[in-house]
Amino acid sequence: MMENTSYIELSRKAVQNNFDYLREIIGDRVTISHVVKGNAYGHGINTYVPLAVELGAKHFSTFDAHEAHQVYNAVNGDATLMVMGMIDNEELEWAIEHQIEFFIFDIDRLKKAISAARKMKTQARVHIELETGMNRTGFEKDQMAEVIKIIKANAEVLFIKGICTHYAGAESYANFFRVKDQFQRFKKGVKRLEKNDIQAEALHAACSAAAVRFPKSRLDMVRIGIMQYGFWPSTETYIEKVKPTQILGEDPLQRVISWKSRVMNIKHVKQGEYVGYGTSYLATSDIKVATVPVGYGHGFSRSLSNTGRALVREVRVPVIGTVNMNMMLLDVSQVDNTEKGDEVVLIGNQGEMSISVSSFSDYSDQLNYELLTRLPHDIPRYIVE
Ligand SMILES: *Cc1c(COP(=O)(O)O)cnc(C)c1O
């Protein structure tokens, strides 16, 4: 049955729960753009996007045009698409032709978008990105005079869908003043455009953390990535939002993803023997070792060597020895009747037990974001209830 050595399940119920919770805190008036860059944070664009559409998502954001192609095919015309980052000149024409919206943050792209729209006798749907303090992309203050001049001279081929910016770390209080300053600068930039009769359909700036923590920053649209998948942008955000209203430990978000494999082989190892490559793991008693066909080549970080955890027959078991390219070893001495073919949960639930991505990333020093997006594209993904 299994062609791949592991597989991913997405829970429909969890997605529905997260959409409902986001609506509850964000309200009905604000558009939610579902950020699906990084292959939908590892959940898989081809599986996740149709599910999100089915559950009511109407707006998606990607990083680049390649992802936008995938989303375009997955939504079947039922949603708005926005490219926040890279799009080259050939792709600009494709985007304009298919009414795909995109960020504009440099004069060259602005001019290219205008000439492409003229050539195709249609409008380019653009979001003007303002630099407010992240210093990554966005028009600088001293570029605005030129931007305004160009936009006004080409108003008939530009549909200004948005004016936007991005915060430099809204998930941490350490960045509070920087983010607040960004918001002020953004409002000033918007005012300047409006004074020059450049009105946008929507103003947007907030990612998950800002949308939850700073209600004022929600404006007309929020760009929600990590939270739709059931993860908090940071522990800080979680504690701040959840503690006053909920019983601690009861997370209003639900994890969408599970990552599973099966026991490939079982071996009995005598006390005093080393297990795996080198001498990093010494059996201090007679133990039972299960081999699982997932390694760092599949996205299971090598830094989980001797520290990771997995579930087998509803028992939490440790990864022992170094994680190999295609395999890892588990000490299953405490699991009764383990046998070849048993389900192994790397992320997700088994009975009452669970392994969360965040505990996992604590061990490996990886953020949720990084671990998720490293999950290979070719692991099969299925939707479960
Ligand atoms: C990734 C990204 C987001 C979403 O961030 P989350 O923290 O996952 O909600 C929003 N806006 C931009 C520009 C992004 O790159």
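Source: prediction; values computed, not measured.

Caption draft 1: Layout of the pairing of strand β1 (residues 6-11). Counting buried residues in β1 gives six out of six residues, a clear majority hidden from the surface. Across the two faces of β1 the burial is the same, with S6, I8 and L10 and Y7, E9 and S11 all buried. By the bridge criterion, five bridges tie β1 to strand β10 (residues 257-262) in an arrangement that is antiparallel. The residue bridging L10 from the neighbouring strand is I257, located in β10.

Caption draft 2: Quick peek at the UniProt feature "modified residue: N6-(pyridoxal phosphate)lysine" (unreviewed entry) in the protein. When the UniProt feature table is mapped onto this chain numbering, "modified residue: N6-(pyridoxal phosphate)lysine" (unreviewed entry) sits at K37. Secondary-structure assignment places K37 in helix α2 (residues 37-41). Not counting residues within four places of it along the chain, the set of residues in contact with K37 comprises S61, T62, F63, E67 and M84.

Caption draft 3: Geometry of the packing of helix α3 (residues 45-54) against helix α4 (residues 65-75). Two elements in contact, α3 and α4, have axes separated by 9 Å at closest approach and are oriented at 45°. Of the possible angle classes, the one that applies to α3 and α4 is oblique. Read as a crossing pair, α3 and α4 show a hand that is right-handed. Together, I45, N46, V49, P50 and V53 of α3 and E67, Q70, V71, A74 and V75 of α4 make up the contact between the two elements. Across the contact of α3 with α4, the residue classes break down as seven nonpolar, two polar and one charged.

Caption draft 4: Representation of the site of the ligand within the structure. Within the structure, the ligand sits among V35, K37, Y41, M84, H166, C207, S208, R223, I224, G225, I226 and Y369. One of the side-chain nitrogen or oxygen atoms of H166 is found 3.5 Å away from a nitrogen atom of the ligand. One nitrogen or oxygen atom from the side chain of S208 is found 2.5 Å from an oxygen atom belonging to the ligand. The fraction of the free accessible surface of the ligand (390 Å²) that becomes covered by protein chains is 91%. Within the shell around the ligand, the residues separate by chemical class into seven nonpolar, three polar and two charged.

Caption draft 5: Main features of the packing of aromatic side chains. Within the structure shown, the criterion is met by ten aromatic pairs. With 4.9 Å between their ring centres and 50° between their planes, Y48 and Y229 make a pair best called tilted. Here the residue Y48 occupies a position in helix α3, and Y229 occupies one in the loop between β9 (221-224) and α10 (235-242), the gap between them amounting to 181 residues. As far as the burial class goes, Y48 and Y229 line up, both buried. Taken together, a centroid distance of 5.4 Å and an interplanar angle of 55° make the contact between W232 and Y238 tilted.

Caption draft 6: Local environment of the nonpolar core. In terms of nonpolar packing, the biggest core is built from 120 residues, with F60, F102, M227 and L330 touching the most fellow members. Element by element, the count of residues in this core is highest for helix α1 (residues 12-26), at seven residues. In this view, M227 contacts N18, Y21, L22, I25, S208, V212, W232, P233 and L253; residues no more than four positions away in its chain are not counted. Counting eight residues, the second-largest nonpolar core is a separate cluster that includes V269, Y281, V289 and L329.

Caption draft 7: A look at unusual backbone geometry. One non-glycine residue, N39, adopts positive backbone phi at about 55°. You can see N39 is positioned in helix α2. Classification of N39 by relative accessible area gives buried; the value is 8%. Positive phi is not limited to glycine here, since D197 has a value of about 60°. When you line up the elements, D197 lands in the loop between α8 (176-195) and β8 (202-206).

Caption draft 8: Inspection of a positive patch on the surface at higher detail. There is a patch of like positive charges on the surface, built from K141, K180, K187, K188, K191, R192, K195 and K216. For R192, the position within the fold is in helix α8. Among the residues examined, R192 registers a relative accessible area of 33% and is labelled partly exposed.

Caption draft 9: Representation of the domain arrangement of the protein. Here the protein is described as being made up of domain 1 (12-242) and domain 2 (257-384). For domain 1 and domain 2, the distance between their C-alpha centroids amounts to 37 Å. At the boundary of domain 1 with domain 2, total buried surface from both sides reaches about 1,200 Å², with 64% on carbon and sulfur atoms. Inspection of the domain 1/domain 2 interface yields zero salt bridges. Across the domain 1-domain 2 interface, the total number found is three residue pairs in polar contact (both at pLDDT 80 or more). For the side of domain 1 that touches domain 2, the secondary-structure elements that each account for two or more residues are α2 and α3.

Caption draft 10: Highlighting the environment of S258. Its location among the elements puts S258 in strand β10. Separated by 47 residues in the primary sequence, S258 and A211 place their C-alpha atoms 26 Å from one another. The residues contacting S258, other than those within four sequence positions of it, are Y7, I8, E9, I347 and G348.

Criteria and thresholds
Residues numbered from 1 in each chain as written. Predicted model: local features only at pLDDT ≥ 70, side-chain atom pairs only at ≥ 80, totals over all residues. Heavy atoms only, no water. Buried < 20%, exposed > 50% of the residue type's maximum accessible area, 1.4 Å probe, protein only. Helix = DSSP H or I, 4+ residues; strand = E, 2+ residues; numbered from the N terminus. Pairing = 2+ DSSP bridges. UniProt positions renumbered as here; feature names shortened; annotations may be inferred. Contact = heavy atoms within 4.5 Å. Axes fitted to C-alpha atoms, helices over the stretch in contact; angles between N-to-C directions. Parallel < 35°, antiparallel > 145°, perpendicular 65-115°, else oblique. Left-handed = near helix turned anticlockwise from the far one by under 90°. Nonpolar A, V, L, I, M, F, W, Y, C, P; charged D, E, K, R; others polar. Near = heavy atom within 4 Å. Polar contact = N/O pair within 3.5 Å; in protein donor to acceptor, adjacent residues only side chain to side chain. Areas by Shrake-Rupley, 256 points an atom, 1.4 Å probe, with all protein chains shown as cover. Phe/Tyr/Trp six-rings, centres within 6.5 Å; stacked < 30°, edge-to-face > 60°. Core = buried A, V, L, I, M, F, W, Y, C linked by side-chain atoms within 4.5 Å. Patch = residues over 30% accessible without salt bridge, like charges linked within 9 Å, V, L, I, M, F, W, Y side chains within 5 Å. Salt bridge = Lys/Arg side-chain N within 4 Å of Asp/Glu carboxyl O. Lys, Arg positive; Asp, Glu negative; His and termini not counted. Charge placed at Lys NZ, Arg CZ, Asp CG, Glu CD. Domains from an automatic or database assignment. Buried area = accessible area lost by both parts, 1.4 Å probe.

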